[in-house]
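Single-letter residue listing:
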Amino acid sequence: MMAPSVENVSREFQGRVLIGKLDVDANTTTTLIHEVRSIPTLVFYKDGAIVHRSSGYVTEESLREIITRLL
C-alpha cells in the first residue's frame, strides 16, 4: 500500500538518503531484532542509530516531512 509513495520519495531524495525494504516473512530474525510488530513499520537511522520509528500507514507528504526534518 505504501510502496508507490516510498518509491516516489526514494527518487526525490536519491543521493541524500538510502531507502531499503525488508520482507518480514523471509527475514524473521531481522524483524525480531528491529522490533517490527506491525506492517508497515518505518525505521529511520542516522549514523547507525534509530532516530524515528513509525508504525502504520504514512502518507507520502508525511514521509517527505519526516525525511526533511531528519536531514
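Our structure's up above, just so we're on the same page.
Residues numbered from 1 in each chain as written. Predicted model: local features only at pLDDT ≥ 70, side-chain atom pairs only at ≥ 80, totals over all residues. Heavy atoms only, no water.

S.K.: Help me get a handle on the side chain of Thr41, residues and values and all.
M.R.: Note on placement: Thr41 falls in strand E1 (residues 41–46). What makes Thr41 buried here is its relative accessible area of 18%. Among all residues touching Thr41, those that are not within four sequence positions of it are Val36, Arg53, Ser54 and Ser55. (Helix = DSSP H or I, 4+ residues; strand = E, 2+ residues; numbered from the N terminus. Buried < 20%, exposed > 50% of the residue type's maximum accessible area, 1.4 Å probe, protein only. Contact = heavy atoms within 4.5 Å.)

S.K.: Please give an account of the pairing of E1 that cites residues and values.
M.R.: Note: E1 against strand E2 (residues 49–55), 6 bridges, orientation antiparallel. Paired with Thr41 across the two strands is Ser55, which belongs to E2. The antiparallel hairpin formed by E1 and E2 contains 2 residues in its connecting segment, where Asp47 sits at a positive phi of about 55 degrees. (Pairing = 2+ DSSP bridges.)

S.K.: Explain the layout of surface pockets to me, and be specific about the residues and the numbers.
M.R.: Here the largest pocket defines a volume of roughly 1,100 Å³. Gly20, Lys21, Thr41, Leu42 and Val43 are the residues nearest the centre of the largest pocket, which is lined by 30 residues in total. Secondary structure elements with two or more residues in the lining of the largest pocket: helix H1 (3–12), E1 and helix H3 (60–70). Top element by residues in the lining of the largest pocket is E1. It accounts for 6 residues. Residues that form the lining of the largest pocket fall into these classes: 22 nonpolar, 5 polar and 3 charged. (1 Å grid on protein atoms, 1.4 Å probe; cavity = no way out; pocket = protein on both sides within 12 Å on 5 of 7 lines; lining within 4 Å. Points joined across faces, edges and corners; volume = space filled by probe spheres on them. Nonpolar A, V, L, I, M, F, W, Y, C, P; charged D, E, K, R; others polar.)

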